[in-house]
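What the coordinates show
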Amino acid sequence: MKKGIHPENYRPVVFRDMSNGDMFLTRSTARTTDTVEFEGETYPVVKVEISNTSHPFYTGKSTLVDTAGRVDRFMSRYGKLKK
């Protein structure tokens, strides 16, 4: 990796999937003030609504996690138009 091409705040960060609780560690510049204990170390944590462990495309399941009610609102408006 070349020196000096990454931002100063490029650090290990834990991403937590809020729909199923899975966590994974990667490097990121995402800003956060929350921390979490992961594999014996304390890291900053970024909370995400959906990740590869809960997304229907990656899991092969057709269930949809909808925390904001967008699917219900769409179906109430346009569901009757489906042929």
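Everything that follows concerns the structure shown earlier in this document.
So, here's what we can say about the structure. (Residues numbered from 1 in each chain as written. Predicted model: local features only at pLDDT ≥ 70, side-chain atom pairs only at ≥ 80, totals over all residues. Heavy atoms only, no water.)

1. Comments concerning the packing of aromatic side chains
Put simply, the test is: Aromatic pairs are defined between Phe, Tyr and Trp rings, using the six-membered ring for Trp, whenever the two ring centres lie within 6.5 Å; interplanar angles under 30 degrees are classed as stacked, those over 60 as edge-to-face, and all others as tilted. The buried label applies to any residue whose accessible area, calculated with a 1.4 Å probe on protein chains only, is under 20% of its type's maximum; exposed applies above 50%, and partly exposed to all values in between.
Taken as a whole and assessed by the stated rule, the structure comprises one aromatic pair. When the ring of Phe-15 is compared with that of Phe-24, the centres are 5.7 Å apart and the planes differ by 15 degrees; the resulting orientation is stacked. Looking at Phe-15, the relative accessible area reads 15%, which means it is buried. The partly exposed category is assigned to Phe-24, whose relative accessible area is 35%.

2. Points about the pattern of salt bridges
Stated precisely, the cut-off is as follows: Counted as salt bridges are all cases of a side-chain nitrogen of Lys or Arg within 4 Å of a carboxyl oxygen of Asp or Glu. Secondary structure elements are taken from DSSP: a helix is a run of H or I of four residues or more, a strand is a run of E of two residues or more, and numbering for both begins at the N terminus.
Counted according to the given criterion, the structure contains one salt bridge. Between Lys-47 and Asp-34 there is a salt bridge, with the nearest N and O atoms lying 3.8 Å from each other. Within this pair, whereas Lys-47 is found in strand S4 (residues 41-48), its partner Asp-34 is found in the loop between strand S2 (23-28) and strand S3 (35-38), the two being separated by 13 residues in sequence.

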